[in-house]
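Close look at the chain arrangement
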Amino acid sequence: MQSYSLWMFGLALAYTILLVTLGHIMKRRAKKGEDYFVGGRCFGRWTVAFCITGLFSGSTFIAILELAYFKGVSAMWYGVAEMSHVLIIALVLIGPFRRKMMVTISGLIGDKYGRMAKGIAGAITAFTFPMWSVATALAFASCINAITGIDLMTAVIITAALLYTFLQAGGMWSVAMTQTTNFFAYMAMFAVGIYAVLLNPGLDGLAAFMVANPQYRNITGVGLQTILAWFGTFWINVLLAQAAFQMALSCRTPEEGRKGLFIAAGFNIIFIVVGIAVGVAAAAVMPGGARGLVAVPKYLMANLPAPLVGIFTLGIWACALGWGAPCQFSGATSLGRDLGSAINPTASDATLVRYTKGSLILLTLLMIAFGFMRSEQAAWWNIFAWTARNGATFAPVVAALFWPLAGQRGATWALVAGFASGLLWNQLGGWAVGHFYLNTHPVWVAMGVNISTLTLITLFEGGWRFVAPQNGKRWLRDIGLAGAVLFTAVSFTAATWLRSTGLIGMFLFIIILFLWLATIACTAPREHAVQTQPAQAL
């Protein structure tokens, strides 16, 4: 046991010292605000690919590793949902957002709806990012606990302190260097994992285990509601993926960013396959564990020498850093740059960088506090973070991009109402991980309230008229109305089944969303509502 601990901590310490050193080297490139926040917008496709791979695929590997231990191949849907999310950003959003020179989602809201909305959006966004960071930090802490017996919270504190140390130096340049280095740590981890699978149980033993345990080869074994929630959350999150945008939009050109995202999507397949293979192999050799992320290192220790186990756990550490570092930095950007500029609109770039570095300290402390509050359920923090951030910012972001009719009052109240309704629904459900009030996921409630609040206030304020949409907007109206009718009919005819499966909340949200799309297509500011009629032939 002692040799395993020494290799694990020795490699992790050496790797972290390397990252801290590289972060301070990168500090020389962060000479001004744009350098610090978006790397001077000069990243190439491979830098973008490594950044996005570290952000999404690293956390995906941890989730799939845990899920595959209990549910087998159905864990792949988490990775597929994440990959579709990256592809949508590449195909649809990278160009328009890059041309807008966007830095953060909260900044986009503020540019459209003013300082109050920017401050609220920045505070909510910053509040949620440490929740995602602590979830992956707890995953690495589980490995430490399995190998050394050290408690989870000590590892969380160490993780948070290390994240702060190298992030505060070079900003986005530090993130880029960290993610590039992490990529090679992932590849080494995969090599060890594949070797362990081939060694024990071997391909024949793995196949025999799958035959003897059909639940592990059931492609919907995690549950239909869970799979749909993954896809729904990732697709809805396309417009709100601030940390991903901040890295992808650091590209030299939109085309470079798009190519980097395509490369990252391809890498994601490797993470899915290896995660499932190692998770199922651990279940075959060491069944009955209470936590997959504890069972996997124990499985490796039973079959591999200490240096190889150290390399694998180093990869898990890189996964934690790959997700936690961009989340902490992006949250600090929202708090320091966006909330800071909302409070002090005359602040210079240097002042905003100073605010952001101070925000990193606050978010580090907040991450540690979240870990103490609920260290035994990392998944809950992800659920709550999705609900709080998406429930507050979804409608204002969509309106800022596609609905000029929406104003400051509607956007501001939508931020508050969406965030508050998410808190209330969690409270009514007892803050549970998998059992929700009225069997309805809080994110659907929060986002439904968010859209409804913005729409009702905007229409109540007046200054608009119905228009006959043309071209693409006509298609948007038809799709919105047809979708609303279809999902309403299904909701009535299959209400019992939808309630029992927990899908009723998602269906109601989709109805609200389709109606909103039709409203966006059919309304315009009053001065633009009267359309010129074509001249009649004489």
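The structure we're discussing is the one just above.
Residues numbered from 1 in each chain as written. Predicted model: local features only at pLDDT ≥ 70, side-chain atom pairs only at ≥ 80, totals over all residues. Heavy atoms only, no water.

What follows covers helix 13 (residues 292-303). A rise of 1.5 Å per residue sets the reference length of helix 13, with its 12 residues, at 16 Å; its end C-alpha atoms lie 17 Å apart and thus fit the reference within 8%. The buried fraction of helix 13 amounts to 10 of the 12 residues, a majority that puts the element mostly inside the structure. (Helix = DSSP H or I, 4+ residues; strand = E, 2+ residues; numbered from the N terminus. Expected span 1.5 Å × (residues − 1). Buried < 20%, exposed > 50% of the residue type's maximum accessible area, 1.4 Å probe, protein only.)

The subject of this paragraph is the pattern of salt bridges. In this structure the tally under the stated criterion is 6 salt bridges. In this structure, the salt-bridge partner of Arg45 is Glu256, at a minimum N-O distance of 2.8 Å. Here Glu256 lies in helix 12 (residues 254-285) and Arg45 lies in helix 3 (residues 45-71), a separation of 211 residues in the sequence. Arg45 gets classed as partly exposed once you look at its relative accessible area, which sits at 29%. (Salt bridge = Lys/Arg side-chain N within 4 Å of Asp/Glu carboxyl O.)

Right, let's talk about a nonpolar patch on the surface for a bit. Together, Leu87, Leu91, Val92 and Phe262 make up a nonpolar patch on the protein surface, roughly 350 Å² of accessible area in all. Its place among the elements puts Leu87 in helix 4 (residues 76-99). According to the relative accessible area criterion, Leu87 is partly exposed, its value standing at 31%. (Patch = residues over 30% accessible without salt bridge, like charges linked within 9 Å, V, L, I, M, F, W, Y side chains within 5 Å. Areas by Shrake-Rupley, 256 points an atom, 1.4 Å probe, with all protein chains shown as cover.)

Packed helix pairs are specified by the crossing angle of their axes together with the interaxial distance, meaning the distance between the axes. Direction vectors running N to C along helix 8 (residues 172-199) and helix 12 enclose 35°, while the axes themselves pass 10 Å from each other. Our pair here, helix 8 against helix 12, has a crossing hand that is left-handed. Residues Phe183, Tyr186, Phe190, Gly193, Ile194 and Val197 of helix 8 form the contact with helix 12, whose own contacting residues are Phe267, Ile270, Phe271, Val274, Ala277, Val278 and Ala281. A class-by-class count of the residues in the contact of helix 8 with helix 12 yields 12 nonpolar, 1 polar and no charged. (Axes fitted to C-alpha atoms, helices over the stretch in contact; angles between N-to-C directions. Left-handed = near helix turned anticlockwise from the far one by under 90°. Contact = heavy atoms within 4.5 Å. Nonpolar A, V, L, I, M, F, W, Y, C, P; charged D, E, K, R; others polar.)

The next thing to look at is helix 9 (residues 202-212). Taken together, the buried positions of helix 9 are Gly202, Leu206, Phe209 and Met210. Summarising the axial view, the buried residues of helix 9 lie within an arc of 125°, below the 170-degree limit, and thus occupy one face. Away from the buried face of helix 9 by more than 90 degrees, exposed residues Leu203, Asp204, Val211 and Ala212 are located. Here the buried face of helix 9 lies against helix 8 and helix 12. (Arc of directions from axis to C-beta.)

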